[in-house]
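Summary of the model geometry
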Amino acid sequence: MEFSLEMLSVIGAVVVVSFGAIGPAFSEGRAIAAAMEAIARQPESAGPLSRTLFVGLAMIETMAIYCLVIALLLLYANPFIG
Amino acid sequence: METSPLVADILFHLGPVPISRDVVTTWGIMGLLTAASWLGLRRLELRPGRFQAMLEITVEAIEKQIHEIIQRDPSSYLPLLGTLFIFLVCANLATVVPGMRPPTGHIETPAVLAATVFFSVHFFGLRSRGLSQHFRRYIEPNLLLLPLNILAEFTRTFSLMIRLFGNMMSHEIVIAIVVLLAGLLMPIPFMLLGILIGIIQAYIFTILAAVFIGAAVGSVESK
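Here's a quick rundown of the structure. (Residues numbered from 1 in each chain as written. Chains lettered and ligands numbered in written order. Predicted model: local features only at pLDDT ≥ 70, side-chain atom pairs only at ≥ 80, totals over all residues.)

A few words now on the overall build of chain A. If you tally the helices and strands in chain A, you get two helices and zero strands. Taken over C-alpha atoms, the radius of gyration comes to 18 Å for chain A, far larger than the 12 Å a tight globule of 82 residues would show. The C-alpha extent of chain A, read off along each of the three principal axes, is 60 × 25 × 10 Å. For chain A, the residues scored as buried account for 13% of the 82 residues in total. Taking the contacts inside chain A whose residues are at least 6 apart along the sequence as the reference set, 84% of them involve residues at least 24 apart. (Helix = DSSP H or I, 4+ residues; strand = E, 2+ residues; numbered from the N terminus. Rg over C-alpha atoms; globule rule 2.2 N^0.38 Å. Buried ≥ 20, exposed ≤ 12 C-beta atoms within 10 Å, placed from the backbone. Contact = placed C-beta atoms within 7 Å.)

Pasting the structure below:
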């Protein structure tokens, strides 16, 4: 079976999205678990904690979104396909 | 998902300038917000009516958040950050209105907003700390870190743009796929999720802008 450049790009996009989702998913889970624990221990500090949590989650999520953008570039704006 | 999300769909041409759908939506939201503020502020009363009370609550809530992050008098940062937040909420929620697409789902609008944040960070930094103090931040622990600091300056602006764009656009794609797979009622929970995502992304964008500005004016640690 012969692979064309288009097929390889689609496979590449799938690999990028799937593996790019794993790391951020794990780390977001850990971050949220830690924040939950902290809020359960100190409910009065829920405000600043959740704000920091949101900022941190945004930072983590950026990695997944970089992968998404790479996948979209592969699918829609591939520089190697004319 | 009939067209690529990276290409703007052009509605009409104004002379030689192509006008895309996002520009029309953006100007519509801007007009709507301006009209709403004008209507609400036309007759200010000491005992506010419903609409004036709503505006006051919104502004005060944003002011409080900004004060908590920047730890300074928020009045000079409120116009930029508050407008940013309210505009982003409206823009991200444009997906709820049938026939409208969120302008943040294409790359131009987030790019412009991120560029605004980038320049305003330097503006506020220069204004409150002066030239030498402001640029001293780049060689702060050591001169060796200068390239990294400059790189971080650009990558954080870039990631601000990509985060908003990626979230909104990927949500649009998810809705398109769900509509394609299962027709009538299935997309509704995803649209509810979209409302949540839109508001959270607007919040995150504004918070990050506030954190960057706060780092530039020297009250919080740089992220």
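After that view, the rundown keeps rolling.
Below, the discussion takes up the environment of Leu 53 of chain A. All names here are of chain A. Its location among the elements puts Leu 53 in helix α2 (residues 46-76). Judged by the 19 C-beta atoms lying within 10 Å of it, Leu 53 falls in the partly exposed class. Between the C-alpha atoms of Leu 53 and Ala 34, which are 19 residues apart in sequence, the distance is 9.5 Å. With residues near it in sequence (within four places) discarded, Leu 53 still touches Ala 31 and Ala 35.

For the rest of this paragraph, the subject is the pairing of strand β2 (residues 17-20) of chain B. Residues in a regular strand point their side chains to alternate faces of the sheet. Residue and element names in this part refer to chain B. When strand β1 (residues 10-14) meets β2, the two strands line up antiparallel, connected through four bridges. Note on β2: the bridge partner recorded for Phe 12 is Ile 19. In textbook terms, the turn of a hairpin is the stretch between consecutive antiparallel strands, and for β1 and β2 this stretch comprises two residues, one of which, Gly 15, has a positive phi near 70°. (Pairing = 2+ DSSP bridges.)

If you look at the biggest cluster of nonpolar residues, it comprises 48 residues, and the most contacted ones within it are Phe 205, Leu 208, Ala 209, Ala 210 and Ile 213 of chain B. Mapped onto this core, the elements with two or more residues apiece are α2 of chain A together with α2 (50-70), α3 (78-92), α4 (108-129), α6 (146-181) and α7 (187-217) of chain B. If you tally residues by element for this core, the top one is α7 of chain B, at 12 residues. Sequence-distant contacts of Phe 205 of chain B, that is, excluding residues within four places in its chain, are made with Leu 84, Leu 88, Leu 160 and Leu 164 of chain B. (Core = buried A, V, L, I, M, F, W, Y, C linked by C-beta atoms within 7 Å.)

Okay, the interface of chain A and chain B next. Taken together, the 13 residues of chain A in the interface contact 15 residues of chain B. Class assignment of the residues belonging to the side of chain A that touches chain B gives a composition of 10 nonpolar, one polar and two charged. (Nonpolar A, V, L, I, M, F, W, Y, C, P; charged D, E, K, R; others polar.)

Once that is clear, we can look at the environment of Phe 3 of chain A. Checked against the element boundaries, Phe 3 of chain A lands in the segment before α1 (5-41). Through-space distance from the C-alpha of Phe 3 of chain A to that of Ala 35 of chain A is 47 Å; in sequence the pair is 32 residues apart.

Another point: α7 of chain B. Its 31 residues give α7 of chain B an end-to-end C-alpha distance of 44 Å, which sits within 8% of 45 Å, the value for a rise of 1.5 Å per residue. At the exit of α7 of chain B stands Gly 218 of chain B, carrying a positive phi of roughly 85°. (Expected span 1.5 Å × (residues − 1).)

This next bit is on the packing of α2 of chain A against α6 of chain B. One can describe the packing of α2 of chain A onto α6 of chain B by two numbers: an axis separation of 9 Å at closest approach and a directional angle of 70°. The orientation of α2 of chain A with respect to α6 of chain B, classified from their angle, is roughly perpendicular. For the element pair α2 of chain A and α6 of chain B, the recorded crossing hand is left-handed. Between α2 of chain A and α6 of chain B, the contacting residues are Ala 58, Glu 61, Thr 62, Ile 65, Tyr 66, Leu 68 and Val 69 of chain A on the first element and Ser 159, Ile 162, Arg 163, Gly 166, Asn 167 and Ser 170 of chain B on the second. Broken down by class, the residue content of the contact of α2 of chain A with α6 of chain B amounts to six nonpolar, five polar and two charged. (Axes fitted to C-alpha atoms, helices over the stretch in contact; angles between N-to-C directions. Parallel < 35°, antiparallel > 145°, perpendicular 65-115°, else oblique. Left-handed = near helix turned anticlockwise from the far one by under 90°.)

Turning our attention to unusual backbone geometry. Generally, phi is negative for residues other than glycine and the peptide bonds are trans, each holding for most cases. All names here are of chain B. Within the chain, Gln 71 stands out as a residue other than glycine whose phi angle is a positive 65°. Turning to its location among the elements, Gln 71 is positioned in the loop between α2 and α3. Looking at Gln 71, the number of C-beta atoms within 10 Å reads 13, which means it is partly exposed.

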